[in-house]
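The chain contents come next:
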Amino acid sequence: MVRLDGRFLNSFVSEDEIKAFEPKLKEAHGKIKNKTGEGGDFLGWYTLPYDYDKDEFERIKKAAEKIKKSCQVFVVIGIGGSYLGARAAIEFIKSPNYNLLSKDTPNIYFAGNSISASSLSDVLELCKGKDVCVNVISKSGTTTEPAIAFRVFKELLEEKYGKEGARERIFVTTDKSRGALKGLAGKEGYETFVIPDDIGGRYSVLTPCGLLPIAVAGIDIDKIMAGAKLAAEKFSVCDIDKNDAYRYAVIRNVLYSKGKKSEFLACYEPSFRYMTEWWKQLFGESEGKDQKGIFPSAVIYSTDLHSLGQIVQQGERTIFETVIDIKNAGAPFVIPFDKENADGLNFLAGKDLAEANRKAFLATVLAHSDGNVPNIIIEADSNKEDCYGFMVYFFELACAASGYILGVNPFNQPGVEAYKKNMFALLGKPGEENERKKAELEARLS
């Protein structure tokens with residue numbers, strides 16, 4: 001379903017250079033399989049495709065059916081891994097225009113992923129006059145962005161439906177036994193789904209964090225899990241010639257060791273845009289620490305060839321590209337004939353638009369390779385559910401292995417806390433330490 005094509009790497013990475021990383025790869029594989037490395041307590045995703053809670057999985061599907069029947073708008077409240085994977089699945093499998101095209105399923109809007117007043121106001125406006133259900137996703141319930149949004153939507157639902165009615169429309173995805181949100185859900189009687197203790201946010205899309213919103217969109221989550229299970233089986237061996245996820249991890253580190261510090265994830269389908277956002281969080285939070293890490297960026301071609309193509313082709317030679325080649329991404333679309341031929345493109349008349357898109361992909365790979373930009377090609381059979389599940393597992397495993405090869409803990413994110421501490425102090429959170437920090441920060445800002 002997903003394969004690595006290294007044809008365009010031959011002049012950049014040799015097989016000997018790849019083989020030289022085998023000892024580090026074997027060490028990384030052992031840490032993942034045996035949960036013996038740093039962050040080993042967060043490896044639940046590794047066996048998740050065949051070791052998930054089947055009873056809860058069925059509850060997710062029943063809740064999704066209930067939501068589909070009872071509302072026109074479904075608001076998903078969460079930030080980072082609590083929403084990116086779900087939004088990526090909906091746009092990739094369905095369409096970036098899902099809300100305009102959906103007929104038998106609710107419109108799905110995402111809130112609580114910023115502190116923007118205008119963004120939150122827009123979602124509230126879209127809810128006016130509509131029946132609404134909410135899924136709030138947070139391990140603790142105290143993360144600022146989703147906590148503020150949930151306050152707003154909880155109040156909206158209680159005013160509109162009363163406490164009893166709101167209880168039937170609020171679905172909580174949170175910790176199994178502790179945290180502010182878990183306590184509130186128990187007190188109010190909301191239906192609750194569990195974020196497993198051993199799976200961090202950016203690896204959580206195949207847990208209730210992602211599966212409930214995905215199911216509400218009418219996507220078959222059984223097929224997603226089947227695709228992920230197939231990937232888990234295929235990539236269980238530590239063989240650099242048979243395991244493309246591990247091969248990708250090694251190639252990234254070979255290129256990094258040769259001064260390639262930035263990776264552009266590229267795709268020629270706009271429906272892949274939020275997959276790139278999910279991928280950026282996955283690799284950025286996993287590898288960017290201890291003054292190390294490949295900077296993850298993303299482009300949608302051919303669109304971004306008209307904005308970033310120049311710097312990729314002739315800018316500083318610190319970039320490599322990983323290009324997702326989706327083989328069957330949509331229905332046929334034939335380019336029409338124009339008798340005037342004012343644009344001079346009648347030579348394309350009668351050809352499928354997908355063929356033109358593929359030629360653009362091949363032409364760009366050749367041009368960028370000639371411009372000294374290594375290109376890793378990852379082929380995907382389609383944008384269907386099983387391929388999505390397979391691809392999620394492919395990247396999760398590759399990311400974990402790559403992080404261990406790099407010499408970092410792929411499962412923590414200590415740097416994320418720095419801005420939060422400053423923000424809480426500046427906002428006047430109670431406490432002596434915050435008061436001292438606020439005075440210090442305000443002096444620096446004056």
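Caption draft 1: Representation of the sheet that holds strand E5 (residues 170-174) in the model. In space, the five strands of this open sheet follow the order E3-E2-E4-E5-E6, with parallel pairing throughout. Each end of this open sheet is capped by a strand with a single partner; those strands are strand E3 (107-111) and strand E6 (191-194). Neighbour-to-neighbour, the strand axes of the sheet open up by a mean angle of 20°, direction not taken into account. Pairing geometry for strand E2 (residues 73-77) and E3, over five bridges, is parallel. Bridge assignment links Val73 to a residue of E3, and that residue is Asn107. Where helix H8 (residues 180-188) meets the sheet, its contacts fall on strand E4 (132-137), E5 and E6, and the angle it forms with E5 comes to roughly 145°.

Caption draft 2: Structural view of the pairing of E2. Here E2 lies mainly inside the structure; five of its five residues are buried. On E2, burial covers both faces: Val73, Val75 and Ile77 on one face and Phe74 and Val76 on the other are all buried. As defined by bridge partners, E2 adjoins E4 across five bridges and the pair is classed as parallel. Counterpart to Val76 in the pairing with E4 is Asn135.

Caption draft 3: Summary view of the packing of helix H3 (residues 54-70) against helix H10 (residues 221-234). Closest axis-to-axis distance for the H3/H10 pair is 11 Å, and the angle between their directions is 145°. Between H3 and H10, the contacting residues are Phe57, Ile60 and Lys61 on the first element and Ile221, Asp222 and Met225 on the second. For the contact of H3 with H10, a count of residues per class yields four nonpolar, no polar and two charged.

Caption draft 4: Fine view of H8. The set of residues buried in H8 consists of Leu181, Ala185 and Glu188. Buried residues of H8 fall within an arc of 80° about the axis and therefore sit on the same side. Opposite the packed face of H8, turned more than 90 degrees from it, sit the exposed residues Gly186 and Lys187. Where H8 is buried, its residues touch E4, helix H7 (144-167), E5 and E6. Directly after H8, the chain includes Gly189, whose backbone phi takes a positive value near 85°.

Caption draft 5: Representation of the sheet that holds strand E7 (residues 262-267) within the structure. Pairing is mixed across the open sheet formed by five strands, whose spatial order is E1-E10-E9-E7-E8. Every other strand in the sheet has two partners, leaving strand E1 (2-5) and strand E8 (295-300) as the edge strands with one partner each. Between one strand and the next, the sheet's axes are offset by a mean angle of 20°, whatever the strand orientation. Where E7 and E8 come together, six bridges link them in parallel fashion. Looking at E8, one finds that Ser262 is bridged to Phe295. The strands that helix H12 (residues 273-287) touches are E7 and E8; relative to E8, the one it contacts most, it runs at about 175°.

Caption draft 6: View of H12. The terminal C-alpha atoms of H12 lie 21 Å apart, and with 15 residues this matches the ideal 21 Å at 1.5 Å per residue to within 8%. Of all the residues in H12, the buried ones are Tyr274, Met275, Thr276, Trp278, Trp279, Gln281, Leu282, Phe283, Ser286 and Glu287. Elements in contact with the buried residues of H12: helix H4 (84-94), helix H11 (244-257), E7, E8 and helix H15 (385-406).

Caption draft 7: Geometry of the pattern of salt bridges. What the rule picks out here adds up to 32 salt bridges. Note that Lys66 and Glu168 form a salt bridge whose closest N and O atoms lie 2.8 Å from each other. Residue Lys66 is found in helix H3, and its partner Glu168 is found in the loop between H7 and E5; the two are separated by 102 residues along the sequence. Look at Glu168 and you get partly exposed, because its relative accessible area is 44%. Here the residues in one salt-bridge network are Arg3, Asp325, Lys327, Arg358, Glu379 and Asp381, joined through shared partners.

Caption draft 8: Just the packing of helix H9 (residues 208-216) against H10, in detail. Remark: H9 packs on H10, axes separated minimally by 10 Å, with the N-to-C direction vectors making an angle of 135°. As the angle between them shows, H9 and H10 are arranged oblique. Across the interface between the two elements, Leu211, Ile214 and Ala215 from H9 touch Ile221, Ile224 and Met225 from H10. Considered class by class, the residues forming the contact of H9 with H10 number six nonpolar, no polar and no charged.

Reading the values: the criteria
- Residues numbered from 1 in each chain as written.
- Predicted model: local features only at pLDDT ≥ 70, side-chain atom pairs only at ≥ 80, totals over all residues.
- Heavy atoms only, no water.
- Pairing = 2+ DSSP bridges.
- Helix = DSSP H or I, 4+ residues; strand = E, 2+ residues; numbered from the N terminus.
- Axes fitted to C-alpha atoms, helices over the stretch in contact; angles between N-to-C directions.
- Contact = heavy atoms within 4.5 Å.
- Buried < 20%, exposed > 50% of the residue type's maximum accessible area, 1.4 Å probe, protein only.
- Nonpolar A, V, L, I, M, F, W, Y, C, P; charged D, E, K, R; others polar.
- Arc of directions from axis to C-beta.
- Expected span 1.5 Å × (residues − 1).
- Salt bridge = Lys/Arg side-chain N within 4 Å of Asp/Glu carboxyl O.
- Parallel < 35°, antiparallel > 145°, perpendicular 65-115°, else oblique.

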